[in-house]
Structure formats: structure tokens, C-alpha cells
Amino acid sequence: MKGYVHVYTGDGKGKTTATLGLSIRAAGAGLKVFIAQFLKRGNYSEIKALKRFSDLITVEQFGTGRLLKGKPNPEDIERAQKGIEKVKSIVSSGNYKMVILDEANVAVKLGLFPAEDLLYIIANKPEEVEIVITGRNADQKVIEKADLVTEMKEIKHYFQKGVKARVGIEK
Ligand code: ATP
Ligand code: MG
């Protein structure tokens with residue numbers, strides 16, 4: 001089965017949760033999934049839940065978990081670059097049918113690695129591998145090379161009322 005390239009971007013809620021839904025569906029079909037979470041570090045509820053599917057779904061985090069205000073520090077850059085290199089080898093191995101790069105668009109936007117790394121992954125992926133890239137402000141070049149692009153548009157978000165990320169709903 002041919003694999004395609006998805007991008008979930010925009011400022012509304014649902015980008016990361018879309019990848020979790022996709023990974024569950026893929027695992028249900030017996031497909032192996034690799035989820036690389038950029039920027040994040042910590043025990044998000046999805047990581048605890050996905051441990052139940054550890055034979056099919058692997059999650060690795062390549063962030064510091066620090067709020068990236070202003071300039072990222074060398075550790076942010078080092079971890080993100082380690083992550084993108086790992087993803088390149090995971091994709092080219094062909095061992096995983098679906099490879100998810102959560103918040104990779106934000107990593108590019110912050111200058112942790114260049115958009116060209118994502119373009120390289122898209123251009124060199126084995127035919128059957130599905131690639132899913134999330135995060136606000138997707139690079140235009142990445143959008144052009146993707147096969148499916150969905151923009152989550154914020155109509156309302158309780159974040160604007162001061163409701164911070166809640167366990168089990170946002171984290
Ligand atoms: P989800 O993980 O719930 O699917 P998402 O992946 O679409 O969300 P991100 O852009 O990754 O959304 O947002 C991560 C967190 O940023 C959210 O959980 C929320 O607490 C916070 N957030 C949401 N909206 C805004 C906003 N307009 N400005 C700043 N932070 C926001
Ligand atoms: Mg997200």
C-alpha cells in the first residue's frame with residue numbers, strides 16, 4: 001500500500017490528538033507506528049495510554065519540555081537534531097509503516113532544524129511509509145510537498161479564557 005504525507009497545522013485544537021487517533025487506527029490494522037514528539041518532554045497521558053500498544057506503537061520525545069521563549073538554547077537544538085536524525089533512520093529502515101513527527105513544524109519555525117530536513121524525509125521515504133507532520137505555522141515548502149494538509153482553525157478555544165492545558169484533555 002502506498003504511503004502518503006500528511007500535515008496537520010493551524011492554531012486550533014486537534015493536531016496532536018489527530019495523530020493519536022491515526023496511530024490507534026494504524027495499530028488496529030497491525031501496522032507499526034513510530035511517534036517522535038519534538039519540543040515535548042514529560043509523561044503526557046497519551047504516552048501512558050500508548051504503552052498498552054507497545055508491540056506496535058513506539059513513542060520517543062526529543063524536547064527539553066522547557067517553554068521555548070525567545071532563543072532556543074543549545075540543548076533544545078541538540079535534542080531536536082538528534083530526533084530528526086533518528087526519524088531519518090526510522091523512515092529509511094522501512095520497519096514502521098507510519099512515522100509521526102509531532103510539533104516538527106514548530107521545531108522548524110524555532111530554527112531547531114531546517115525545513116530541508118523534513119523535505120529530505122519526504123523525498124527519500126520508502127514508497128509504503130506514511131508520514132504525519134504536525135504543528136502550527138507549517139513551512140510553505142513542506143505544505144507543497146505534502147499530499148494531505150489540514151488546517152485546524154481556531155473558532156473558539158478556552159485557552160483564551162485562561163484555561164491552561166488539562167491532564168487527560170490537552171496533556
Ligand atoms: P491537542 O494536543 O489538544 O490536539 P494541538 O496539537 O492542536 O492540540 P498545540 O498547538 O500543539 O495544539 O498546542 C499545545 C497547547 O498550547 C495546548 O494544549 C494549549 O494548552 C495551548 N494553546 C492552545 N491554544 C493556544 C493559543 N491560541 N495560544 C497559545 N497557546 C495555546
Ligand atoms: Mg500539538
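Please read all numbers here as calculations on a predicted model, not as lab measurements. (Residues numbered from 1 in each chain as written. Chains lettered and ligands numbered in written order. Predicted model: local features only at pLDDT ≥ 70, side-chain atom pairs only at ≥ 80, totals over all residues. Heavy atoms only, no water.)

### Here's the deal with the coordination of the magnesium ion (ligand 2)
At this site the magnesium ion (ligand 2) is bound by Thr16 (OG1) and Glu103 (OE), with donor distances of 2.1 Å. Within this pair, whereas Thr16 is found in helix α1 (residues 15–28), its partner Glu103 is found in the loop between β4 (98–102) and α4 (104–109), the two being separated by 87 residues in sequence. Side by side, Thr16 and Glu103 carry an identical accessibility label, which is buried. (Donors = N, O, S within 2.8 Å, 3.2 Å for Na, K, Ca; no water. Helix = DSSP H or I, 4+ residues; strand = E, 2+ residues; numbered from the N terminus. Buried < 20%, exposed > 50% of the residue type's maximum accessible area, 1.4 Å probe, protein only.)

### Looking at the packing of aromatic side chains
Using the criterion set out here, one finds 3 aromatic pairs in the structure. Between the aromatic rings of Phe34 and Tyr96, the centroid separation amounts to 5.5 Å while the plane-to-plane angle is 70°, which identifies the pairing as edge-to-face. Of this pair, Phe34 sits in strand β2 (residues 33–38) while Tyr96 sits in the loop between α3 (74–93) and β4, placing them 62 residues apart in sequence. Given a relative accessible area of 12%, Tyr96 falls into the buried group. For the pair Phe38 and Phe62, a centre-to-centre distance of 6.0 Å together with 35° between the ring planes defines the contact as tilted. Of the two residues, Phe38 is situated in strand β2 and Phe62 in strand β3 (residues 57–62); the sequence distance between them amounts to 24 residues. Members of the aromatic cluster, each reached through a chain of ring pairs, are Phe38, Phe62 and Phe113. (Phe/Tyr/Trp six-rings, centres within 6.5 Å; stacked < 30°, edge-to-face > 60°.)

### Observations concerning the site of ligand 1
The environment of ligand 1 is made up of 14 residues, and the closest members are Lys13, Lys15, Thr16, Glu103 and Arg136. In this structure, an oxygen atom belonging to ligand 1 sits 2.9 Å away from a side-chain N or O atom of Thr17. Taking Glu103, its side chain carries an N or O atom lying 2.8 Å from an oxygen atom of ligand 1. Burial of ligand 1 by the protein chains amounts to 78% of its free accessible area of 630 Å². (Near = heavy atom within 4 Å. Polar contact = N/O pair within 3.5 Å; in protein donor to acceptor, adjacent residues only side chain to side chain. Areas by Shrake-Rupley, 256 points an atom, 1.4 Å probe, with all protein chains shown as cover.)

### A closer look at the side chain of Thr9
Relative to the helices and strands, Thr9 resides in strand β1 (residues 5–9). Overall, Thr9 belongs to the buried group, its relative accessible area being 8%. Within the structure, the side chain of Thr9 is placed 3.2 Å from the backbone nitrogen of Ala138, a separation counted as a polar contact.

### Some details on α3
An ideal rise of 1.5 Å per residue puts 28 Å on 20 residues; α3 measures up with 29 Å between its terminal C-alpha atoms. For α3, the capping residue at the N-terminal end is Asn73, with a side-chain oxygen 2.9 Å from the backbone nitrogen of Glu75. Backbone geometry just downstream of α3 places Gly94 in the positive-phi region, at approximately 70°. (Expected span 1.5 Å × (residues − 1).)

### A word on the nonpolar core
If you look at the biggest cluster of nonpolar residues, it comprises 31 residues, and the most contacted ones within it are Phe38, Val99, Leu101, Phe113, Leu118, Ile131 and Ile133. Contributions of two or more residues to this core are made by β1, β2, α3, β4, α4, α5 (115–124) and β5 (130–134). The dominant element in this core, judged by the number of residues it contributes, is α3, at 5 residues. Phe113 has contacts with Phe38, Ala80, Gln81, Ile84, Ala104, Ala107, Val108 and Leu118, leaving out every residue within four places of it along the chain. If you look at the next biggest cluster of nonpolar residues, it comprises 14 residues, including Tyr8, Ile57, Val132 and Met152. (Core = buried A, V, L, I, M, F, W, Y, C linked by side-chain atoms within 4.5 Å. Contact = heavy atoms within 4.5 Å.)

### Quick word on the side chain of Asp76
Looking at the secondary structure, you find Asp76 in helix α3. Of the polar contacts made by the side chain of Asp76, one reaches the side chain of Arg66; its length is 3.4 Å.

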